[in-house]
Every structure is written in structure tokens, then in C-alpha cells.
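Chains, contacts and geometry: an overview
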Amino acid sequence: MAGALRSIFIVALAVVLGSCAPPLRRHLREASVSGHSSGPAGAPVVIVQFGDYGCGPCAALGRRLRGILEERRSVRLVYHHCPARRHEAGREASLIALAAAEQGRFWEVHWLLVERGPVGEEGAARAAAEEVGIDPTLLDAAMSEGRHEAALDRELALADQLRIRGTPTTFVGGRRLEGTVSRRALLEAIDAALAAPR
């Protein structure tokens, strides 16, 4: 009897997991084409990162990813904002980066925030944006009008759909990597994605 119940449970679990997989794949495909992209459009390996500017491990991972992007032309990075709901400075930094994108300066602001490490207080991201030459009047208008709040909420909804519970969460060629990932592990994941049948 116990063996029969175990078999029923395994079959039921397989059905549940099988029914979950297609939506997750669909959401990951969406994440791969939306968001801020750096690297060749036709790169065979896409890295999707969900990060928070208020997160130290995200900054460390961002620095590793930047180095890999500079070395490997086979890789494209797609960044998605996923600030912790309790961290106002991280949310503000994401909104400022989105406003910078409106001025064509997203990656300049992004890399500066990554290089400096986690933003610890409100105002730090604004200082970084002004340092790279963001028009402060346009930035103030975007922030006061809440112009990018809906876009950020869509990013957070996508993170929920992908069951992201913490940052950084990274997908390399579809493979999920959570938390701090070493440079070696990233390169191994990239090489595995390149070797995988298409």
C-alpha cells in the first residue's frame, strides 16, 4: 500500500512540476528580451540578472559580469531591477536608473552604482546620476511625476513570476544561479550554454 501511495505521489508531483515549467520558461523568455541590454544582440548566450542596487552581493556580481562582458563577445547581459521592498534607497536607485535610461544613460549610471557598491542612503544614486551628466531638471520631473513607478512594478511582478526570492538571481543560458556566484562558476555556466545543442 505504501509503495502505491508513493507512486501516486511521484506521478502527481511530476504533473505539478510539468505544469509549472512552461510558464516559467515563458517568463524567462520575456525577461531575456525585456530589460536593459548590453552586449551583441545576436549573442549566443544571454545572462539575465535580477539585482538590487542596495545589495552588496549584487554589486560584486555586477563587477564580475562587467569584466566578462568586456572579454566575451558571445555574451549579452539583460538587467532587471529587483529592489528589496524594505529598502527605500535601493528602490530610489532603480527609479533613478530608469530615469537615466530615458536620457540614454542607463549603463553609465548602472556601472557607476555597481562600482561604488550598495547604496546605503537616499541621495547616493542621484549623486551618481549627476556625476555621469544626467540632466537634473529632467530627473526631477521624472521622479516627482512617478514616471517610472509602473515600470519598476512590472519588473517586480516579473521577478515574482520567476519565483525570485532574493538578489542577486541570475540566469545564464536559462540556468538559474542564486546568490553570490564566482567568476569561475559564471564562466563554466557560459561555456556549458555555448556547448548545449541549439
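Now for a quick tour of the structure. For clarity, every value in this text was computed on a predicted model and none was experimentally measured.

Here the focus is the packing of aromatic side chains. What describes a pair of aromatic rings is the distance from one ring centre to the other and the angle between the planes of the rings. Enumeration according to the criterion identifies four aromatic pairs in this entry. The interplanar angle of 25° and the centroid separation of 5.7 Å between the aromatic rings of tyrosine 53 and tyrosine 79 together place this pair among those described as stacked. Of this pair, tyrosine 53 sits in the loop between strand S2 (45-51) and helix H2 (56-71) while tyrosine 79 sits in strand S3 (residues 75-81), and the two are 26 residues apart along the sequence. Across this residue pair, the class does not change: tyrosine 53 and tyrosine 79 are buried. Each ring, one from phenylalanine 106 and one from tryptophan 107, has its centre 4.9 Å from the other, and the planes form 80°; the classification is edge-to-face. Accessibility assignment for this pair places phenylalanine 106 and tryptophan 107 in one class, buried. Through successive ring pairs, a cluster of aromatic residues spans Tyr53, Tyr79, Phe106, Trp107 and Trp111.

As a further point, take the pairing of strand S5 (residues 175-178). The pairing of strand S4 (residues 169-172) with S5 spans four bridges and is antiparallel. Residue phenylalanine 171 lies in a different strand from S5, and its bridge partner there is arginine 176. Two successive antiparallel strands, S4 and S5, enclose a turn made up of two residues, where glycine 173 displays a positive phi of approximately 55°.

Our focus in this paragraph is the sheet that holds strand S1 (residues 36-38). Spatially, S1-S3-S2-S4-S5 is the arrangement adopted by the five strands of the open sheet, whose pairing is mixed. Each of the sheet's edge strands pairs with one partner strand only, and the pair in question is S1 and S5. Across the sheet, the mean angle from the axis of one strand to that of its neighbour is 20°, orientation sign disregarded. Note: S2 against S3, seven bridges, orientation parallel. For valine 48, the partnering residue across the bridge sits in S3 and is valine 78. Where helix H4 (residues 106-116) meets the sheet, it contacts S1 and S3, and its direction lies at approximately 80° from that of S3. Packed onto the sheet, helix H8 (residues 183-195) meets S2, S3, S4 and S5 and runs at close to 140° relative to S2.

Rules and cut-offs
- Residues numbered from 1 in each chain as written.
- Predicted model: local features only at pLDDT ≥ 70, side-chain atom pairs only at ≥ 80, totals over all residues.
- Heavy atoms only, no water.
- Phe/Tyr/Trp six-rings, centres within 6.5 Å; stacked < 30°, edge-to-face > 60°.
- Helix = DSSP H or I, 4+ residues; strand = E, 2+ residues; numbered from the N terminus.
- Buried < 20%, exposed > 50% of the residue type's maximum accessible area, 1.4 Å probe, protein only.
- Pairing = 2+ DSSP bridges.
- Axes fitted to C-alpha atoms, helices over the stretch in contact; angles between N-to-C directions.
- Contact = heavy atoms within 4.5 Å.

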